[in-house]
Amino acid sequence: MAGYRTLDPAQIILTAEALERRVAERFPDAGLRKVAAELVSLSHDLAQSAAVLKQPILWLRVAVGLAVAAGAATFLFVGTVLPFETFSGNTDVVESVQGIEASLNTVILAGLGFLALIRAEERLKRKQVFRELHGLRSLIHVIDMHQLTKDPAVLSADFKPTPNSPARITNPADLARHLDYCSEMLAISGKIAALFAQSVNDEVVVEAVNDIEELGSNLSRKIWQKITMVEATVAHRTAR
């Protein structure tokens, strides 16, 4: 059962490849076939990137550990913590207060610096995820472009194309399949994005992945409205 609690990149890739073959069989000369092939290629690349990001960055962790150890050794050697003589009564109150304030400021700044070093791996991975998701977001918009001109209104008997009208799919079954393929591509894109949320446990990354999934869902919702219109048109023709 544990295998059903996480996304399997291999299964996502197999699904994308199967979809590409289905598109090629039904629309061998359409631009949608090239988009499906690009989705397969991108799924391979992003699955590999997500797998890499899941692993710790060892060299960075070693560097951070050495930096923290060096800082701690420096504190011990220089004695930035207020020296014992400050409390011995040999100095006045003003100097003691100034010493305490300087020591506290140093400790706070050092703590912030150590925290920044510790979170360096998180920031580095987050930046890489954003770079990968940018390409996926662009592909989602390309998929949407391939369904914009697939208007169910072309199935109406009153539809009259103009000289500048784009190429239309006039067969209801083919039109519905074309739109459905676009919706499936958007769904696969969302699952590819989810691989990064699964690999990188970061709230900012999860939010970015949710944005990608929401974008795909919103576009898919519009596509299914068109599919519903196609089905209604077919049902009306059959009833007549």
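Worth saying up front: this structure is predicted, and the values here are computed from it rather than measured.

Draft legend 1. Structural context of the overall build of the protein. Along the protein, the regular secondary structure elements total seven helices and zero strands. Residues counted as buried form 34% of the 240 residues belonging to the protein. Sequence-distant contacts, at least 24 apart, represent 78% of the contacts inside the protein between residues at least 6 apart.

Draft legend 2. Local environment of the environment of histidine 141. Counting through the fold element by element, histidine 141 comes out in helix α5 (residues 120–148). Taking the relative accessible area as the measure of exposure, histidine 141 reaches 40% and is therefore partly exposed. For histidine 141 and leucine 219, which are 78 residues apart along the polypeptide, the C-alpha to C-alpha distance reads 9.0 Å.

Draft legend 3. Representation of the nonpolar core in the model. One finds Leu133, Leu136, Met185 and Phe196 to be the most contacted residues of the largest nonpolar core, which totals 48 residues. For leucine 136, the contacting residues outside a window of four places in its chain are Leu42, Leu46, Ser189, Ile192, Ala193 and Ile212.

Draft legend 4. Fine view of the pattern of salt bridges. On inspection of all chains with the given rule, the structure shows five salt bridges. A salt bridge links arginine 33 to glutamate 20; the nearest nitrogen and oxygen atoms lie 4.0 Å apart. Taken together, the residues span a long stretch of sequence, with arginine 33 in helix α2 (residues 31–54) and glutamate 20 in helix α1 (residues 9–26) at a distance of 13 residues. The exposure class of glutamate 20 is buried, given its relative accessible area of 18%. With a closest N to O distance of 3.8 Å, aspartate 174 and arginine 26 form a salt bridge. Separated by 148 residues along the polypeptide, aspartate 174 in helix α6 (residues 172–199) and arginine 26 in helix α1 bring together distant segments of the chain. The class of arginine 26 is partly exposed, set by a relative accessible area of 40%.

Draft legend 5. Quick look at α6. Its 28 residues give α6 an end-to-end C-alpha distance of 42 Å, which sits within 8% of 40 Å, the value for a rise of 1.5 Å per residue. Here α6 lies mainly inside the structure; 20 of its 28 residues are buried. Backbone nitrogen of alanine 173 and a side-chain oxygen of the N-cap are separated by 3.0 Å at the start of α6; the cap is asparagine 171.

Draft legend 6. Seen up close, the packing of α1 against α2. Remark: α1 packs on α2, axes separated minimally by 9 Å, with the N-to-C direction vectors making an angle of 170°. Put simply, α1 runs roughly antiparallel to α2. Within the contact between the two elements, α1 uses Pro9, Ile13, Ala16, Glu17, Glu20, Val23 and Ala24 and α2 uses Leu32, Arg33, Ala36, Ala37, Val40, Ser43, His44 and Ala47. Across the contact of α1 with α2, the residue classes break down as ten nonpolar, two polar and three charged.

Draft legend 7. Representation of α1 in the model. Helix length check: α1 (18 residues) gives 26 Å between terminal C-alpha atoms against 26 Å at 1.5 Å per residue, within 8%. Of the positions making up α1, those classed as buried are Ile12, Ile13, Ala16, Leu19, Glu20, Val23 and Ala24. Taken end-on, α1 shows its buried residues confined to a sector of 135°, consistent with a single buried face. Where α1 is buried, its residues meet α2 and α6.

Draft legend 8. Spatial organisation of the packing of α2 against α6. Interhelical geometry of α2 versus α6 gives an angle of 10° and a closest axis separation of 9 Å. In terms of orientation, α2 lies roughly parallel with respect to α6. Along the contact surface, α2 presents Leu32, Val35, Ala36, Leu39, Ser43, Leu46, Ala47, Ser49, Ala50, Leu53 and Lys54, while α6 presents His178, Tyr181, Cys182, Met185, Ile188, Ser189, Ile192, Leu195, Phe196 and Ser199. Its residues assigned to classes, the contact of α2 with α6 comprises 15 nonpolar, five polar and one charged.

Draft legend 9. Molecular detail of the environment of serine 189. Counting through the fold element by element, serine 189 comes out in helix α6. Residue class for serine 189 comes out buried when judged on its relative accessible area of 0%. Along the primary structure serine 189 and isoleucine 12 are separated by 177 residues, whereas in three dimensions their C-alpha atoms are 9.4 Å apart. Discounting chain neighbours no more than four positions away, the residues touching serine 189 are Leu39, Leu136, Ile140 and Ile143.

Draft legend 10. Expanded view of the side chain of serine 43. One can find serine 43 in helix α2. For serine 43, a relative accessible area of 2% puts it in the buried group. The residues contacting serine 43, other than those within four sequence positions of it, are Ile13, Ala16 and Ile192.

Calculation criteria
The residue numbering used here restarts from 1 in each chain and proceeds along that chain's sequence as written. Given that the model is predicted, a residue must reach a pLDDT of at least 70 before its local features are reported, and side-chain atom pairs must reach 80 or more before they are shown or counted; all residues, however, enter totals for whole chains, interfaces and linings. Each side-chain value is worked out from all heavy atoms of the structure, with water and hydrogens disregarded. The helix and strand labels rest on DSSP assignments: H or I over at least four residues marks a helix, E over at least two residues marks a strand, and numbering proceeds from the N terminus. Relative accessibility decides the category of a residue: with a 1.4 Å probe and only protein chains considered, values under 20% of the type maximum give buried, values over 50% give exposed, and everything between is partly exposed. Two residues qualify as a contact provided that any one of their heavy atoms is within 4.5 Å of a heavy atom in the partner residue. Residues enter a nonpolar core if they are buried and are Ala, Val, Leu, Ile, Met, Phe, Trp, Tyr or Cys, with the set joined through side-chain atoms within 4.5 Å. Throughout this description, the term salt bridge denotes a Lys or Arg side-chain nitrogen within 4 Å of a carboxyl oxygen of Asp or Glu. Expected helix span is given by 1.5 Å per residue-to-residue step, counting one fewer step than there are residues. Whenever two N or O atoms come within 3.5 Å, that pair is a polar contact, provided that in protein one can donate a hydrogen and the other can accept it, and provided that, for residues adjacent in sequence, both atoms are side-chain atoms. Angular values range over 0 to 180 degrees, each being the angle between N-to-C directions of two axes fitted as lines to C-alpha atoms, with helices fitted over their stretch in contact. The labels follow the angle: roughly parallel below 35 degrees, roughly antiparallel above 145, roughly perpendicular from 65 to 115, and oblique for the rest. Each residue is assigned to one of three groups, with Ala, Val, Leu, Ile, Met, Phe, Trp, Tyr, Cys and Pro labelled nonpolar, Asp, Glu, Lys and Arg labelled charged, and all others, Gly among them, labelled polar. This arc corresponds to the set of directions leading from the helix axis out to the C-beta atoms.

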